[in-house]
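# Chains, contacts and geometry: an overview
Residues per chain, in single letters:
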Amino acid sequence: MGRDTIYSMPKKKQKLVIANWKMNPQTSIEAEHIFQEIKKTAVKLKRTHAVVCSPAIFLGDLQAIYSGEKISIGAQDVFWEKNGSYTGEVSVGQLKDSGVKYVLVGHSERRALGETNEIVKNKLDAVISSGMKAVLCIGESERDDHGDYLAFITEELRSGLAGVSPKNIKNVIVAYEPIWAIGKCKEDAMSPHDMHQMSLFIRKILMSMFQRNIASRVNILYGGSVERENAEELIKDGEIDGFLIGRASLEGKHFSDILNIVERS
Ligand code: PGA
């Protein structure tokens, strides 16, 4: 055994906190304002990386006000074809040109508009082959006593990651967002204990698809009514690597508080 083997400790994963602004705010001025507030906190963090997934229309404005490495710009969706006659769609090339590093794929609100596992898979492949990171969103709409929801999640995960190479899986983040917990308040969020169980379950599926050491490096995030009040217990006891945050990310101060909680955890 060489010196390096004896003394090298496993590297602690950097935590990731992603803002999903959805179809908000309504003006670029507001978008820049929230982004600036988040940035002020994000640049001071050492163990936590902040990502802001803004509506596509504001990406260029955000890119213009920040080009450092302490905060990344993300997109909420993408189309899988490289270019062509796809009215209204946005390509991976266009996102990259706007400074985007992370792209949400398969968010439940997009799935509700008709996005199938097959479409999600096409988008994920397009994102990771372009070198950006894909945030694969999964989550059941309700829980049942027979465990059908576990089969549902397994299918979302397996179909989304089918054929992804061990090399490319490092560009995938899994965001577990149970639909029943999204857009509510902290009382409706998942408990740290249940999240812990779910995280182990997701990790087990990843380990059945990839080598153990590769699967253990994939970031697993939780999303669904995360606020400053429940962030601490979830990050400490939920066995997660960060959050995907909707409502609380639209207020710069609130999101910054969550960033600081994650940094201290
Ligand atoms: P929420 O949204 O934090 O408002 O529940 C999370 C999401 O939909 O990504």
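First, a word on scope: everything that follows refers to the structure included in this document. Everything numeric here is computed off the predicted structure, so don't read it as measured data.

## Some points on the site of the ligand
Contacts to the ligand come from Asn-20, Lys-22, His-107, Glu-177, Ile-182, Gly-183, Gly-224, Ser-225, Leu-244, Ile-245, Gly-246 and Arg-247. Within the side chain of Lys-22, a nitrogen or oxygen atom sits 2.7 Å from an oxygen atom of the ligand. Ser-225 is positioned such that a nitrogen or oxygen atom in its backbone is 2.7 Å from an oxygen atom of the ligand. Isolated, the ligand exposes 280 Å² of accessible area, and the fraction of that covered by the protein chains is 98%. Residues belonging to the shell around the ligand are distributed by class as follows: three nonpolar, six polar and three charged.

## Some words on the sheet that holds strand β3 (residues 71–75)
Pairing is parallel around the closed barrel formed by eight strands, whose spatial order is β1-β2-β3-β4-β5-β6-β7-β8. Across this sheet, the average inter-strand angle for adjacent strands is 25 degrees, counted without regard to direction. Sheet analysis places strand β2 (residues 48–54) next to β3, joined by five bridges and oriented parallel. Within β3, the position partnered with Ser-54 by the bridge is Ala-75. Together, β2 and β3 form the strand contacts of helix α2 (residues 28–42), whose direction differs from that of β3 by roughly 140 degrees. Strands β1 (15–20), β7 (219–223) and β8 (242–245) of the sheet are contacted by helix α10 (residues 228–237), whose axis makes an angle of about 140 degrees with β8.

## As for the side chain of Gln-76
The residue Gln-76 is located in the loop between β3 and α4 (92–97) in this model. There is a polar contact of 2.9 Å between the side chain of Gln-76 and the backbone oxygen of Lys-22. Polar contacts involving the side chain of Gln-76 include one to the main-chain carbonyl oxygen of Cys-53, which spans 3.2 Å. Filtering out sequence-adjacent residues up to four positions away, Gln-76 remains in contact with Asn-20, Trp-21, Lys-22, Cys-53, Ser-54, Pro-55, Leu-104 and Arg-110.

## Regarding the pairing of strand β5 (residues 133–138)
Across the six residues of β5, five count as buried, placing the element largely inside the fold. Pairing analysis gives four bridges linking strand β4 (residues 100–105) to β5, with the strands arranged parallel. In the strand pairing of β5, Tyr-102 is matched with Lys-133. Bridge count for β5 against strand β6 (residues 172–176) is five bridges, and the pairing is parallel. The residue bridging Ile-138 from the neighbouring strand is Tyr-176, located in β6.

## A look at the packing of helix α6 (residues 117–129) against helix α7 (residues 148–161)
A pair of packed helices is captured by two measures, namely the crossing angle of their axes and the spacing between those axes. Two numbers describe how α6 lies on α7: the axes approach to 8 Å, and their chain directions differ by 40 degrees. Taken as axis vectors, α6 and α7 run oblique relative to one another. The interaxial crossing formed by α6 with α7 has right-handed handedness. For the pair α6 and α7, contact is made by Asn-117, Lys-121 and Leu-124 and by Glu-155, Glu-156, Ser-159, Gly-160 and Leu-161, respectively. The residue makeup of the contact of α6 with α7, split by class, is two nonpolar, three polar and three charged.

## Considering the pattern of salt bridges
Using the criterion set out here, one finds 15 salt bridges in the structure. Here Lys-13 and Asp-241 are joined by a salt bridge, their closest N and O atoms 3.3 Å apart. Of the two residues, Lys-13 is situated in the loop between α1 (3–7) and β1 and Asp-241 in the loop between α10 and β8; the sequence distance between them amounts to 228 residues. Relative accessible area serves as the criterion here: at 28%, Lys-13 is assigned to the partly exposed category. Judged by relative accessible area, Asp-241 falls into the buried class, the value being 9%. Here Glu-156 and Arg-111 are joined by a salt bridge, their closest N and O atoms 3.5 Å apart. Separated by 45 residues along the polypeptide, Glu-156 in helix α7 and Arg-111 in helix α5 (residues 108–111) bring together distant segments of the chain. A relative accessible area of 3% means that Glu-156 is categorised as buried. Linked by salt bridges that have partners in common, Asp-77, Arg-110, Glu-115 and Lys-123 make up one network.

Reading the values: the criteria
- Residues numbered from 1 in each chain as written.
- Predicted model: local features only at pLDDT ≥ 70, side-chain atom pairs only at ≥ 80, totals over all residues.
- Heavy atoms only, no water.
- Near = heavy atom within 4 Å.
- Polar contact = N/O pair within 3.5 Å; in protein donor to acceptor, adjacent residues only side chain to side chain.
- Areas by Shrake-Rupley, 256 points an atom, 1.4 Å probe, with all protein chains shown as cover.
- Nonpolar A, V, L, I, M, F, W, Y, C, P; charged D, E, K, R; others polar.
- Pairing = 2+ DSSP bridges.
- Helix = DSSP H or I, 4+ residues; strand = E, 2+ residues; numbered from the N terminus.
- Axes fitted to C-alpha atoms, helices over the stretch in contact; angles between N-to-C directions.
- Contact = heavy atoms within 4.5 Å.
- Buried < 20%, exposed > 50% of the residue type's maximum accessible area, 1.4 Å probe, protein only.
- Parallel < 35°, antiparallel > 145°, perpendicular 65-115°, else oblique.
- Left-handed = near helix turned anticlockwise from the far one by under 90°.
- Salt bridge = Lys/Arg side-chain N within 4 Å of Asp/Glu carboxyl O.

Function cannot be inferred from these measures alone, as they are strictly geometric.
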